[in-house]
Amino acid sequence: MLYDHLEGRRYFIVLDDVPKQMRLKSLLDTLREEYNGSRLLLTSHTMHADLHVGDEHVHQMKALDSKKSWKLFLKTINHGNKLTGDHKFPMKLEHMGKQMLRKCDGLPLAIKEVGKQLVEKKLSGRSEWEQLLESVDFGSTLKLLEPFYHQLDPKVQSCFLCMAFFKANTSLRAEKLKQIWVAGRVVDSTYKCESYLDGLINESVIEVKEKSTKYYMNGVLHMLSIQKAEEELGFEILRNSGNNRPSESPRHRVIICSREKFNYSTDQDKHLVSLFFHGGGYLDTSPPYWKSFELLKILDYEDFGLKILSETIVSLMELRYLGLRNNYMKELPQSLGCLKNLEVLDIAQNFMVEVLNIIWKMYKLRHLYMSDVICRKPLKIDDLQHLETLTYVSVDNWTYDLSRLRLLFRLTKLGVEGLHGNSDESKMMMASLANLKNLQHLILRGYRFRSMPCLDEIGVLHSLTTLKLDGFLARLPTSFPPKLKSLTLVINSCLDEDPMPLLGKLPNLSYLKLRNAYIGLEMVILHYEFPSLLVLCIKELWNLRNVQCGNDAMYWLKKLEIQDCPYLDTLPKAIGLMNHLKELEMVTTESIATKMSNTDFISDISIVNINS
């Protein structure tokens, strides 16, 4: 009927906030032609499988920045309402108003609701604007978002509730999100986590940050997750300030405390499944008695400032996740080895923490994160046959028996540090990597200012998709893994031979970052090379003066980032012909920035940031 009605006519049709349940295929088939200048515009807060369109036809709406948030706020306050004259919002309170708006985190729905709330209060009473700004209640905004929560897929709802455990306005690591879900049995397997993560992204719950490894959640949605978690999960927040939100039988608890010691209550601990600590701790110790936490499965102290972990942690026999990242610990308790059900142990970024040879006792361990650890004896890790992640282990601390490396057949991510070319252990490590048939992510770090060993063995890792090399390297490997998608080279100005001719032949490479990796004057990208590259980052190439780019090279490139290349004052014209290039980010001198901006073929590209 619609087709018959529109036949021969010119139309512009807008479908606003299309729900994910709506089947669009037949409608799109009807309206797809777009003849005679006709257009179809759809908006939605979810991703739709039916919409098979190119990126050039999709605009992803981001949260409003501070300027746009303020503009929308003023429009809501001063236009279309009954406020006139002296009752209008005074501009002298702009700073105070913007501070209040920060809680809206750029969400238009929240900004408009706050504005309407203030107008109603101003019209109904004699309160001054200062008092009104201090009394803003976000409860009404959260009520508006209730339908959003109830429309989420039930499986995604569970993951959404778990977002209440984390700090507001902070970046979240994808790995941590997945591991918390699995440890809390929100998701029954690691393999399903990726689809749940995609679900949160598609439903606009979280936003991808930093090359798809970190995520950010809008502040208002975070408040909603807390409210719903309190209603449905038995979630509570305890603060040493006394502004607490306790639950009758809590199963999940977040403790927020400052440098003062927190008074722990053990009356309602026996039901706890997860316990998260936030704040600026510097605590000398964790709770001295863990016996009442017999069901605890998740314990997270990340970024808390913990110095000592009590030996009584041995009481937490059901513990599956222990997060101790970025604290001030000097040693791990001996009793930690008795936690037989532990699946995730994160002790990274505790500078020079001493690790006893107890890791091998945790035979269910699947993910182990370390860095800069002290070991009196080499760590015995090869018995951990469930291990999937191991970062970072020093070659000198892992020399128990490298020939047994093949026993870690489930290992998919490995980070090794302390490699140097004159070390027999480093050479043995590189030779042993071929035994890791399922390895997908590999990070190799050199030892201080010494050269890394020969890396030619890397080419045999046929499952490898992500590779990062950080250290002194005289030359690149003769070959790279055929499935490699992401490559980062931070090799401290050792390469004097242009790496592009070799790297350009990698068929699946989609992300390439070169940082302080090349001391040559010229970089040449030949015709049709880098057939799959989407993102290219060039940083700290201090001598680079010229880049040549052949026809149809980097055909699919979407983002080009150049920083700290002080002599690179021009770009090849081929860049202006890249149809998919949407973002050019450059940090250079003011004179070069001006020259670049005035270049004809760059004018059509969205230049995100050109700084002096």
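In this text the structure is predicted, and so the values were computed from the model without any measurement.

(A) Here's a closer look at the packing of helix α9 (residues 154–162) against helix α11 (residues 190–202). Look at α9 against α11: their axes get within 9 Å of each other, and the N-to-C directions meet at 85 degrees. It follows that α9 is roughly perpendicular to α11 by the angle criterion. Each of K155, V156, C159 and F160 in α9 lies in contact with α11, whose residues at this interface are Y196, G199 and L200. Looking at side-chain class alone, the contact of α9 with α11 contains 5 nonpolar, 1 polar and 1 charged residues.

(B) Focus on the nonpolar core. Residues L299 and L414 are the most contacted members of the largest nonpolar core, which totals 106 residues. Counting residues per element, this core draws most heavily on strand β16 (residues 413–419), at 3 residues. The contacts of L414, once residues within four sequence positions are left out, are L390, T391, V393, W398, L433, L436, L439, H441, L442 and I443. L118, V156, A174 and Y215 belong to the second-largest nonpolar core, a separate cluster that totals 66 residues.

(C) Quick peek at the packing of aromatic side chains. Counted according to the given criterion, the structure contains 13 aromatic pairs. A centroid spacing of 5.8 Å and a plane angle of 45 degrees characterise the contact between F165 and F235, whose relative ring orientation is tilted. With F165 in the loop between α9 and β3 (171–173) and F235 in strand β6 (residues 235–239), this residue pair connects regions lying 70 residues apart in the sequence. A relative accessible area of 2% means that F165 is categorised as buried.

(D) Region of the structure containing the environment of W129. Its location among the elements puts W129 in helix α6 (residues 129–134). In this structure, the C-alpha to C-alpha distance between W129 and L118, residues 11 residues apart in sequence, is 8.5 Å.

(E) Layout of the sheet that holds strand β4 (residues 206–209). Strand order in the open sheet made by the 3 strands is β3-β5-β4, with antiparallel pairing throughout. Both edges of this open sheet fall to β3 and β4, since each of them pairs with a single strand only. On average, each strand axis in the sheet is inclined to that of its neighbour by 40 degrees, with strand direction left out of account. When β3 meets strand β5 (residues 214–217), the two strands line up antiparallel, connected through 3 bridges. Its bridge partner being in β5, L172 is matched across the sheet by Y215. α11 contacts β4 and β5 of the sheet and is inclined by roughly 105 degrees relative to β4.

(F) A look at the pairing of β5. Where β4 lies against β5, 4 bridges are found, and the strand directions are antiparallel. Bridge pairing in β5 places I206 opposite M217.

(G) Structural detail: a nonpolar patch on the surface. On the surface, F12, V14 and L41 cluster together to form a nonpolar patch covering roughly 300 Å² of accessible area. Mapped onto the elements of the fold, F12 is located in strand β1 (residues 12–15). Classification of F12 by relative accessible area gives exposed; the value is 58%.

(H) Expanded view of the pattern of salt bridges. Here the structure, examined in full by the defined rule, presents 27 salt bridges. We note a salt bridge from E343 to R185, for which the minimum N-O separation is 3.4 Å. One end of the pair, E343, is in the loop between β10 (321–323) and β11 (344–346); the other, R185, is in the loop between α10 (174–183) and α11, and 158 residues separate them in sequence. Judged by its relative accessible area of 12%, E343 is buried. The salt bridge involving E540 is made with R515; its shortest N-O contact spans 3.2 Å. Here the residue E540 occupies a position in the loop between β22 (535–539) and β23 (546–549), and R515 occupies one in strand β20 (residues 511–515), the gap between them amounting to 25 residues.

(I) Up close: helix α5 (residues 108–124). Counted at 1.5 Å a residue, the expected span for α5 with its 17 residues is 24 Å, and the 25 Å between its end C-alpha atoms agrees. Of the positions making up α5, those classed as buried are A110, I111, E113, V114, G115, Q117, L118, V119 and K122. Looking at the buried residues of α5, the elements they touch are α3 (66–78), α4 (94–101), α6, α7 (139–144) and α12 (219–232).

(J) Spatial organisation of the packing of α10 against α11. Where α10 contacts α11, the two axes come as close as 10 Å, and the packing angle between them is 115 degrees. α11 is crossed by α10, and the crossing has right-handed handedness. Where α10 approaches α11, its residues A174, L177, K178, W181 and V182 are matched on the opposing element by T190, C193, E194, Y196, L197 and L200. For the contact of α10 with α11, the per-class residue count stands at 8 nonpolar, 1 polar and 2 charged.

(K) Quick peek at α11. Along its 13 residues, α11 runs 19 Å from first to last C-alpha, staying within 8% of the 18 Å computed at 1.5 Å per residue. Residues of α11 that are buried include every one of C193, Y196, L197, G199 and L200, and no others. Relative to the axis of α11, the buried residues are bounded by an arc of 155 degrees and lie together on one face. In the core, the buried residues of α11 are packed alongside α9, α10, β4 and β5.

(L) Expanded view of the environment of V535. Tracing the sequence through the fold places V535 in strand β22. For V535, a relative accessible area of 21% corresponds to the partly exposed category. Separated by 25 residues in the primary sequence, V535 and S510 place their C-alpha atoms 6.4 Å from one another. Setting aside its immediate chain neighbours within four residues, V535 contacts S510, Y511, L512, L557 and K559.

Here is what the cut-offs are and how they apply
- Here the residue index of a chain counts from 1 through its sequence in written order.
- Local features in this predicted model are restricted to residues whose pLDDT is 70 or higher, and side-chain atom pairs enter the listing and the counts only when it is 80 or higher, whereas totals over whole chains, interfaces and linings include all residues.
- Computation of side-chain values covers all heavy atoms of the structure but excludes hydrogens and water.
- Fitted lines through C-alpha atoms give the axes, limited to the stretch in contact for helices. The angle between two N-to-C directions lies from 0 to 180 degrees.
- In this text, helices come from DSSP runs of H or I with a minimum length of four residues, and strands from runs of E with a minimum of two, each type numbered from the N-terminal end.
- Oblique is the label for any angle not under 35 degrees, not over 145, and not in the 65 to 115 range, which are roughly parallel, roughly antiparallel and roughly perpendicular in turn.
- Residue contacts are counted whenever heavy atoms from the two residues lie within 4.5 Å of one another.
- In this classification, Asp, Glu, Lys and Arg are treated as charged, Ala, Val, Leu, Ile, Met, Phe, Trp, Tyr, Cys and Pro as nonpolar, and every other residue, Gly included, as polar.
- For this analysis, a nonpolar core means a set of buried residues of the types Ala, Val, Leu, Ile, Met, Phe, Trp, Tyr and Cys, connected via side-chain atoms within 4.5 Å.
- With a 1.4 Å probe rolled over the protein chains alone, any residue whose accessible area is under 20% of its type maximum counts as buried; one over 50% counts as exposed, and the rest are partly exposed.
- For this analysis, a ring pair means two rings from Phe, Tyr or Trp (six-membered ring only for Trp) whose centres lie within 6.5 Å, classed as stacked if their planes differ by under 30 degrees, edge-to-face if by over 60, and tilted for the remaining angles.
- Any two strands with at least two DSSP-identified bridges between them are counted as paired.
- Each patch is built from salt-bridge-free residues with over 30% relative accessible area, joining like charges within 9 Å and nonpolar side chains (Val, Leu, Ile, Met, Phe, Trp, Tyr) within 5 Å.
- The accessible surface values rely on the Shrake-Rupley method and a 1.4 Å probe; as for residues, cover is taken only from the protein chains in view.
- Definition used for salt bridges: Asp or Glu carboxyl oxygen within 4 Å of a side-chain nitrogen of Lys or Arg.
- The span expected for a helix works out to 1.5 Å for each residue beyond the first.
- For any pair of crossing helices, the crossing counts as left-handed if the nearer helix is rotated counterclockwise from the farther one by less than a right angle, and right-handed if it is rotated clockwise.
- Summarising the geometry, the arc corresponds to the directions from the helix axis toward the C-beta atoms.

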